[in-house]
Amino acid sequence: MAEESTTPDLVELTHRYLEAANRRDFDAILSFLAPDVVWEAVSLGTTFEGVAAIRAFLEDWLGVYEEHEIEPEEILDLGNGVVFVVTRLTGRPVGSSPGSTLTRRRPLVFTWVEGLVARVTAPSSEATEARAAAERLAASRG
């Protein structure tokens, strides 16, 4: 009988995380996070530390949208707990007319430790540059 892997499928976990964000299910989102998680929002020039701070950030960020969808265009397990994601956020800001949506393409780098997100980095760089940085991170953790 073949042994089953005890290593979590980080691509699947990342998909589930993004699905919870699409539902605005903050309790589900937080269930993926390590207690000492860090979210580095490079484009905003700030870092959020800990589950409570990240929850407040996500509630504020997603709260500006009447409707939103975060669609992964690419999710790559780069090894050593590093997952690189390119997302496309489509959202309609609160109070705007139907059909007036905003679309943004954004890379994210998730660092997973023992099945939980230890760090999320939202680089301000383009996807190609962000992916190269994520690959370097994965190699350095090996």
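On a predicted model such as this, the values are computed, not experimentally measured, just so you know. (Residues numbered from 1 in each chain as written. Predicted model: local features only at pLDDT ≥ 70, side-chain atom pairs only at ≥ 80, totals over all residues. Heavy atoms only, no water.)

K.L.:
Please clarify how helix α4 (residues 127-140) should be interpreted in this entry.
P.N.:
Spacing of three or four residues puts side chains on the same side of an α-helix, whose turn is 3.6 residues. Here α4 contains 14 residues, and its C-alpha end-to-end distance of 20 Å stays within 8% of the 20 Å for a straight helix at 1.5 Å per residue. Among the residues making up α4, those that are buried are Ala-127, Ala-130, Ala-134 and Ala-138. Each buried residue of α4 sits inside an arc of 80 degrees when the element is viewed along its axis, so together they form one side. Exposed side of α4, more than 90 degrees from the buried face: Thr-128, Glu-129, Arg-136, Ala-139 and Ser-140 are the residues found there. Here the buried face of α4 lies against β3 (65-79), β4 (82-93) and β5 (102-113). (Helix = DSSP H or I, 4+ residues; strand = E, 2+ residues; numbered from the N terminus. Expected span 1.5 Å × (residues − 1). Buried < 20%, exposed > 50% of the residue type's maximum accessible area, 1.4 Å probe, protein only. Arc of directions from axis to C-beta. Contact = heavy atoms within 4.5 Å.)

K.L.:
Even after reading the chapter, I still don't get the pattern of salt bridges, so can you show me in this structure?
P.N.:
Tallied over the full model, the rule gives 10 salt bridges. Arg-92 serves as the salt-bridge partner of Glu-67, at 3.4 Å between the closest nitrogen and oxygen. Of this pair, Glu-67 sits in strand β3 while Arg-92 sits in strand β4; the two residues are 25 residues apart in sequence, bridging distant segments of the chain. Ionic pairing is found between Arg-131 and Glu-135, a salt bridge with its closest N-O pair at 3.2 Å. Highlighted residues: Arg-131 and Glu-135, both in helix α4, separated by 4 residues, approximately one helical turn. Connected through shared salt-bridge partners, Glu-71, Glu-73, Arg-88 and Arg-105 make up one network. (Salt bridge = Lys/Arg side-chain N within 4 Å of Asp/Glu carboxyl O.)

K.L.:
Help me out: how do you make sense of a negative patch on the surface in this one?
P.N.:
A cluster of acidic side chains, namely Asp-9, Glu-12, Glu-19 and Asp-77, defines a negative patch on the protein surface. For Asp-9, the location among the structural elements is in the segment before α1 (10-23). The exposure class assigned to Asp-9 is partly exposed, which follows from its relative accessible area of 49%. (Patch = residues over 30% accessible without salt bridge, like charges linked within 9 Å, V, L, I, M, F, W, Y side chains within 5 Å. Areas by Shrake-Rupley, 256 points an atom, 1.4 Å probe, with all protein chains shown as cover. Lys, Arg positive; Asp, Glu negative; His and termini not counted. Charge placed at Lys NZ, Arg CZ, Asp CG, Glu CD.)

K.L.:
Got a minute to help me understand the pairing of strand β1 (residues 33-41) in this structure?
P.N.:
The sheet contact formed by β1 and strand β6 (residues 116-122) spans 5 bridges and is parallel. Looking at the pairing, Glu-40 lines up with Thr-121 of β6. Two elements, β1 and strand β2 (residues 46-49), share 4 bridges in a ladder whose sense is antiparallel. The residue bridging Trp-39 from the neighbouring strand is Phe-48, located in β2. (Pairing = 2+ DSSP bridges.)

K.L.:
What should I look at first to understand the packing of aromatic side chains in this one?
P.N.:
Any aromatic ring pair is given by two values, namely how distant the centres are and how the planes are angled relative to each other. Following the criterion strictly, the structure yields 6 aromatic pairs and no others. Both rings, one in Tyr-17 and one in Phe-32, keep their centres 6.0 Å apart while their planes meet at 80 degrees; by these two values the pair is edge-to-face. Residue Tyr-17 is located in helix α1, and its partner Phe-32 is located in the loop between α2 (26-31) and β1; the two are separated by 15 residues in the primary sequence. Of the residues examined, Tyr-17 reaches a relative accessible area of 4% and is grouped as buried. Relative to Phe-57, the ring of Phe-48 has its centre 4.4 Å away and its plane inclined at 20 degrees; by these criteria the two rings are stacked. For Phe-57, a relative accessible area of 12% translates into the label buried. Grouping aromatic residues by their ring pairs yields a cluster made of Tyr-17, Phe-32, Phe-110 and Trp-112. (Phe/Tyr/Trp six-rings, centres within 6.5 Å; stacked < 30°, edge-to-face > 60°.)

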